[in-house]
Amino acid sequence: MPATNDSAPRWLGLGALFHASGGHIAGWRHPARRPDGELDIAFHVEMAQTLERGRFDALFVADVVAIWGEHLDSLHRTARAEFFEPLTLLAALSSVTDNIGLVATATTTYHQPYHLARKFATLDHLSHGRAGWNIVTSVVPLEAQNFGQERHLEHELRYRRADEFVAVVKGLWDSFADDAFVRDVAGGRYYRPQGLQALHHRGEHFTVRGPLNISRPPQGYPVLFQAGSSETGKDFAARHGEVLFTSQTSLANAQAFYADIKARVRAQGRNPDDVRVWPGLSPLVAATEAEARQRVTELQELVHDDVLRRLVQDNIGDLDFSGVDLDGPVPEIPATNRSQSRRDLMLDLARRDQLSVRQLGLRMAGGGMVAGTPEQVVDYMETWFRAGGADGFNVSFPYFPGPAVDFVDHVVPELRRRGLTGPGYEGTTLRDHLGLPRPVRRVRHCEPVERAGGAQ
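Nothing here was measured: the structure is a model prediction, and the numbers come from that model.

**Student:** Looking at this structure, I do not really get the packing of helix 7 (residues 231-240) against helix 8 (residues 251-267). What am I missing?
**Tutor:** Between two packed helices, the angle of one axis relative to the other and the distance separating the axes together describe the packing. Orientation of helix 7 relative to helix 8, taken along the N-to-C sense of each, is 55°, at an axis distance of 8 Å. Judged by the inter-axis angle, helix 7 sits oblique to helix 8. The element helix 7 and its partner helix 8 pack so that their crossing is right-handed. Of the residues in helix 8, those touching helix 7 at Glu231, Lys234, Asp235, Ala237 and Ala238 are Phe257, Asp260, Ile261, Arg264 and Val265. The residue inventory of the contact of helix 7 with helix 8, partitioned by class, reads five nonpolar, no polar and five charged.

Pasting the structure below:
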């Protein structure tokens, strides 16, 4: 997407949330799905190449460092018990794709900055500048117990740690100047010593000397994605995020979020045009609206009651829903240490539309599905795009492969016909596709590495 200015067109961005079982919690049960696709690398390759054929800017793999849920009465009825580690998967996909961006989720709560700085720099080199990092602070309770903790750090503390974590990672990516590596065989010099700096960071959460043991990523920094929607999360996104995922359920709410986040970005001294806002979109496309609606009904009927009950519980609070009437109102939910923005969004939706627990669970299972003809789906996307509710969409297909193939074959051509997307990829890197500037290396005034005892 070209940079936003008076002369360049403004393209609608497209990202694809990719888990082989699909974005709908019962998608794996659909008769046209691939229930064994989660660990089938050939299927991942096929879908990545399909999305690239549709000129998606990025393929995004969500992740948690735990089994995705903790209640076996519902977990065994979902496809969330197994999934590839995303950076390993995307490294493999980098060798069979040429243009599509490769975005992985990685938590700042249960990693160390040096590890992630090195891994994402490696992915950026392997893909020739197509890497992106979706920064999260973790939400699934079992993640804490996999790392020696009984529960997550408190919400505000997780974000304080994340702020420092991102600053350290950026500093490590700046270890080498862009032109530091001369690889002068005749002169016997692999890199210029003046082009290397150590970080020497000592903060509240981390002590990291540096430098990083790989040259600066092709993009300077991989593109930084973020999905915080609480007040703390939005401030964090305004400081660091370049593409922001959000889960707004109405155009009015999307417009309010969009205006708010752009104002926060400006208040941080950043250019709001350098930040993209991508709400979620779960499309089901068919030749007629009636056929598309029937497809939605078929999917929703596949959701087991146990799954609905736990889906609501796991997203909005720690209250035990085992005895809650699915056809009754959503009960009062106490304060929680989980994602506050998700909880508030779901409770607001239930109150606004007077939803029962079952109805709220089905809304959540469907991920806000937009069903209709290709023209109707594009109407929806164009309205949000032109009305200041979105710069693009993070598309979650209910199951694979059918809905993704239908979108690429029928929706994407309509987007192009209306001038909402360009005819091909812009440039070679993910930053090029999105029209984002390449970060300038920050030079730190510290003791040179060699005199500090570093490697020659």
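**Student:** What am I meant to see in unusual backbone geometry here?
**Tutor:** Generally, phi is negative for residues other than glycine and the peptide bonds are trans, each holding for most cases. Across the junction of Gly210 and Pro211, the peptide omega takes the value 5°, indicating a cis bond. By the element assignment, Pro211 lies in the loop between strand 8 (207-208) and strand 9 (223-226). The linkage connecting Phe400 with the following residue, Pro401, adopts the cis geometry, with an omega of 5°. With respect to the helices, strands and loops of the structure, Pro401 is situated in the loop between strand 13 (392-396) and helix 14 (402-417). Residues other than glycine seldom take positive phi values, yet His128 does so here, at roughly 60°. Tracing the chain through its elements places His128 in the loop between helix 4 (113-126) and strand 4 (131-136).

**Student:** Help me understand the packing of aromatic side chains, please; the structure alone is not making it clear to me.
**Tutor:** Aromatic rings considered in pairs are described by the distance between their centres and by the relative angle of their planes. With the rule as written, the count across this model stands at 22 aromatic pairs. Relative to Trp278, the ring of Phe225 has its centre 6.2 Å away and its plane inclined at 70°; by these criteria the two rings are edge-to-face. Here Trp278 lies in strand 11 (residues 276-285) and Phe225 lies in strand 9, a separation of 53 residues in the sequence. For the pair formed by Phe225 and Trp278, the shared burial category is buried. Here a set of aromatic residues connected by ring pairs shows up, and it is made of Phe120, Trp133, Phe165, Trp173, Phe206 and Tyr221. The ring of Phe43 has Arg34 lying over it, and the distance from NZ or CZ to the ring centre is 4.5 Å. Residue placement shows Arg55 over the ring face of Tyr425; its charged tip is 5.3 Å from the ring centre.

Conventions and cut-offs
- The written sequence of each chain sets the order in which its residues are numbered from 1.
- Since the coordinates come from a predicted model, pLDDT governs what is reported: local features require at least 70, and pairs of side-chain atoms require 80 or more to be given and counted, while whole-chain, interface and lining totals use all residues.
- Excluded from the side-chain calculations are hydrogens and water; all other atoms, namely the structure's heavy atoms, are used.
- Angular values range over 0 to 180 degrees, each being the angle between N-to-C directions of two axes fitted as lines to C-alpha atoms, with helices fitted over their stretch in contact.
- Put simply, DSSP H or I for four residues or longer makes a helix, DSSP E for two residues or longer makes a strand, and each gets a number counted from the N terminus.
- Here the angle decides the label: under 35 degrees means roughly parallel, over 145 means roughly antiparallel, 65 to 115 means roughly perpendicular, and every other value means oblique.
- Whether a crossing is left-handed or right-handed is set by the direction in which the near helix is turned from the far one by less than a right angle, anticlockwise for left-handed and clockwise for right-handed.
- Contacts are assigned to residue pairs with any non-hydrogen atoms lying within 4.5 Å of each other.
- For this classification, Asp, Glu, Lys and Arg are treated as charged, while Ala, Val, Leu, Ile, Met, Phe, Trp, Tyr, Cys and Pro are nonpolar and the rest, including Gly, are polar.
- Two aromatic rings from Phe, Tyr or Trp, using only the six-membered ring of Trp, form a pair when their centres are within 6.5 Å; if the ring planes differ by under 30 degrees the pair is stacked, by over 60 it is edge-to-face, and anything between is tilted.
- Burial status follows relative accessibility: with a 1.4 Å probe on protein chains alone, a residue under 20% of its type maximum counts as buried, one over 50% as exposed, and anything between as partly exposed.
- Placement of a positive charge over a ring is assigned whenever Lys NZ or Arg CZ falls within 6 Å of the ring centre and within 35 degrees of the normal to the ring plane.

Geometric values such as these leave the question of function open.
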